[in-house]
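Understanding the architecture of this molecule
Single-letter residue listing:
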Amino acid sequence: CISSVVLTIALNSQATVTWMPYLSIACVVIYVIGHAIGPSPIPYVVTTEMFRQSSRSAAFMVAGSVHWLSNFTVGMVFPFMEKGLNAYCFIIFSAVCLVTVIYIYLVIPETKNKTFLEITHILAKRNGVKLEEDLDLYKRSSTLESELKQTVL
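The present account deals with the structure reproduced in this document. (Residues numbered from 1 in each chain as written. Predicted model: local features only at pLDDT ≥ 70, side-chain atom pairs only at ≥ 80, totals over all residues. Heavy atoms only, no water.)

Let's talk about the environment of Ser-40
When you line up the elements, Ser-40 lands in the loop between helix H2 (20–37) and helix H3 (42–50). Considered as a pair, Ser-40 and His-67 are 27 residues apart in the sequence and their alpha carbons are 8.0 Å apart. Beyond its immediate sequence surroundings of up to four residues, Ser-40 is in contact with His-35 and His-67. (Helix = DSSP H or I, 4+ residues; strand = E, 2+ residues; numbered from the N terminus. Contact = heavy atoms within 4.5 Å.)

Take a look at the structure:
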């Protein structure tokens, strides 16, 4: 998000400041690296953590298709955006990045150190879905985990 705003400022100041082209290149490199280690692999990680094995292949297909369709759309639309907005076209990317960060913070649950059943129950609770068939399995796995912890300690 920040590199897009700085890139906009750098592109607007290139005519007056001699070192601004270098800052522009650095912002582009930071944006690409940030995208590669940040939002780019998210569809595949989220799919693995939030879908059951039986529906995971279909979810992978949808997530991958949406991801690459989005990349294709950005590649096709960007020349027109750049022509119409000049250097300010990166502000749109910054706004989309900010909205994505807010969405992830508010909607996507934290899955660190949680079992698949715990994640399933968190998502079911958020969506108002009852999972009675998994409730016994969830209770048994929680009991086994607590017994294992007691045995280890």
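A few points about the layout of surface pockets
As a volume, the largest pocket reaches approximately 1,500 Å³. Lining the largest pocket are 45 residues, and of these His-35, Pro-39, Ile-42, His-67 and Thr-100 sit closest to its centre. Elements with a contribution of two residues or more to the lining of the largest pocket: helix H1 (2–12), H2, H3, helix H4 (53–85) and helix H5 (89–107). Residue contributions to the lining of the largest pocket peak at ten residues, all from H4. Classifying every residue of the lining of the largest pocket by side-chain character gives 32 nonpolar, eleven polar and two charged. (1 Å grid on protein atoms, 1.4 Å probe; cavity = no way out; pocket = protein on both sides within 12 Å on 5 of 7 lines; lining within 4 Å. Points joined across faces, edges and corners; volume = space filled by probe spheres on them. Nonpolar A, V, L, I, M, F, W, Y, C, P; charged D, E, K, R; others polar.)

Things to note about helix H6 (residues 116–127)
Under the 1.5 Å per step criterion, the end-to-end length of H6 is 17 Å for twelve residues, consistent within 8% with the ideal 16 Å. Those residues of H6 not exposed but buried are Leu-117, Ile-119, Thr-120, His-121, Leu-123 and Ala-124. Count one or two residues on from H6 and you reach Gly-128, which has phi positive near 70 degrees. (Expected span 1.5 Å × (residues − 1). Buried < 20%, exposed > 50% of the residue type's maximum accessible area, 1.4 Å probe, protein only.)

What about the environment of Thr-16?
Here Thr-16 shows up in the loop between H1 and H2. Note on Thr-16: relative accessible area 69%, which makes it exposed. Here Ser-13 takes part through its backbone oxygen, which lies 3.1 Å from a polar atom of the side chain of Thr-16. (Polar contact = N/O pair within 3.5 Å; in protein donor to acceptor, adjacent residues only side chain to side chain.)

Quick look at the packing of H4 against H5
Interaxial distance between H4 and H5 falls to 8 Å at its minimum, and their mutual angle equals 130 degrees. One element, H4, and the other, H5, form an angle in the oblique class. Touching Val-74, Phe-78, Met-81, Glu-82 and Leu-85 of H4 are Cys-89, Phe-90, Ile-92 and Phe-93, all from H5. Class assignment of the residues belonging to the contact of H4 with H5 gives a composition of eight nonpolar, no polar and one charged. (Axes fitted to C-alpha atoms, helices over the stretch in contact; angles between N-to-C directions. Parallel < 35°, antiparallel > 145°, perpendicular 65-115°, else oblique.)

Re the packing of aromatic side chains
As enumerated under the stated definition, the model contains three aromatic pairs in all. Seen in terms of ring centroids, Phe-78 and Phe-93 are 6.0 Å apart; in terms of plane orientation they differ by 35 degrees. Their pairing is tilted. In this pair, Phe-78 is assigned in helix H4 and Phe-93 in helix H5, connecting sequence segments 15 residues apart. The partly exposed category is assigned to Phe-78, whose relative accessible area is 25%. Plain terms: the ring middles of Phe-90 and Phe-93 are 6.1 Å apart, the flat faces sit at 40 degrees to each other, and that makes the pair tilted. Of this pair, Phe-90 and Phe-93 both sit in helix H5, three residues apart, roughly one helical turn. Side by side, Phe-90 and Phe-93 carry an identical accessibility label, which is buried. (Phe/Tyr/Trp six-rings, centres within 6.5 Å; stacked < 30°, edge-to-face > 60°.)

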